[in-house]
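Residues per chain are reported as follows:
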Amino acid sequence: MADQRSDDVLVIGLGSPIMSDDAIGLVVADRIESMGLDGVETRQEAIGGLDIIPVLWGYKHAIIVDAIQTHQQDVGTIMVFDPEDFEPTITNASAHDFNLATAMKIGRDMEPEQMPDKVTFIAIEVEDIQTVREGMTKKVEAAVDGAVDAVLHYIKEFQKSS
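About the thresholds
Residues numbered from 1 in each chain as written. Predicted model: local features only at pLDDT ≥ 70, side-chain atom pairs only at ≥ 80, totals over all residues. Heavy atoms only, no water. Helix = DSSP H or I, 4+ residues; strand = E, 2+ residues; numbered from the N terminus. Buried < 20%, exposed > 50% of the residue type's maximum accessible area, 1.4 Å probe, protein only. Contact = heavy atoms within 4.5 Å. Pairing = 2+ DSSP bridges. Axes fitted to C-alpha atoms, helices over the stretch in contact; angles between N-to-C directions.

Caption draft 1: Spatial organisation of unusual backbone geometry. Notably, serine 20 is not glycine yet its phi reads approximately 50°, a positive angle. In this fold, serine 20 is placed in the loop between strand S1 (6–14) and helix H1 (24–34). Despite not being glycine, histidine 71 has its phi angle at roughly 60°, a positive value. Of note, histidine 71 is situated in the loop between strand S3 (59–68) and strand S4 (78–81).

Caption draft 2: Structural view of helix H3 (residues 100–110). Listing the buried residues of H3 in full gives Leu100, Ala101, Thr102, Ala103, Met104 and Gly107. Against the buried residues of H3 lie S1, helix H2 (52–56), S3 and strand S5 (118–125).

Caption draft 3: Spotlight on the sheet that holds S4. A sheet is described by the order of its strands in space; here 5 strands give the open sequence S2-S1-S3-S5-S4, paired in mixed fashion. Edge positions in the open sheet fall to strand S2 (40–45) and S4, since each of these has one partner strand only. Shown here is a sheet whose adjacent strand axes are inclined to one another by a mean of 20°, direction ignored. Judged from the 4 bridges that link them, S4 and S5 form a sheet pairing that is antiparallel. Of the residues in S5, the one forming a bridge with isoleucine 78 is isoleucine 124. Where H1 meets the sheet, it contacts S1, S2, S3 and S5, and its direction lies at approximately 150° from that of S2. Across the sheet, H3 is in contact with S1, S3 and S5; its angle to S5 comes to roughly 170°.

The values are spatial; any link to function lies outside them.
Pasting the structure below:
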């Protein structure tokens, strides 16, 4: 059977627009969308856990942009991960507690022919994801351009490989 998945690169920005720095994924996806790039689809989602699975279905390549708070990196640091980097974090948990790695594994187990061949996570170290307010902290705001550049780099890489 022919591969039914789209060759378009899917860029998903995750976060909440009202939780300060948690909006970074949404802001980056919005910037990518505003560029009107051929072969790129964008989504801005305020979801987590298993809800990410159907969003990923039907694409060969996906980039997920999200806030991360490790307290081990400087605020504004941009990190790139593959799903395999998170395998030690895969757990059996209640459905709303699943992290992205666990959701990806479940998605691949359920519908392997629908899931992307390649998913890249671009995570930005944030300072404040607790405060209810629109607008990000200065250091995270300053990281937006770098995060957009990282997404554009991976879009080009995926498009070359298609």
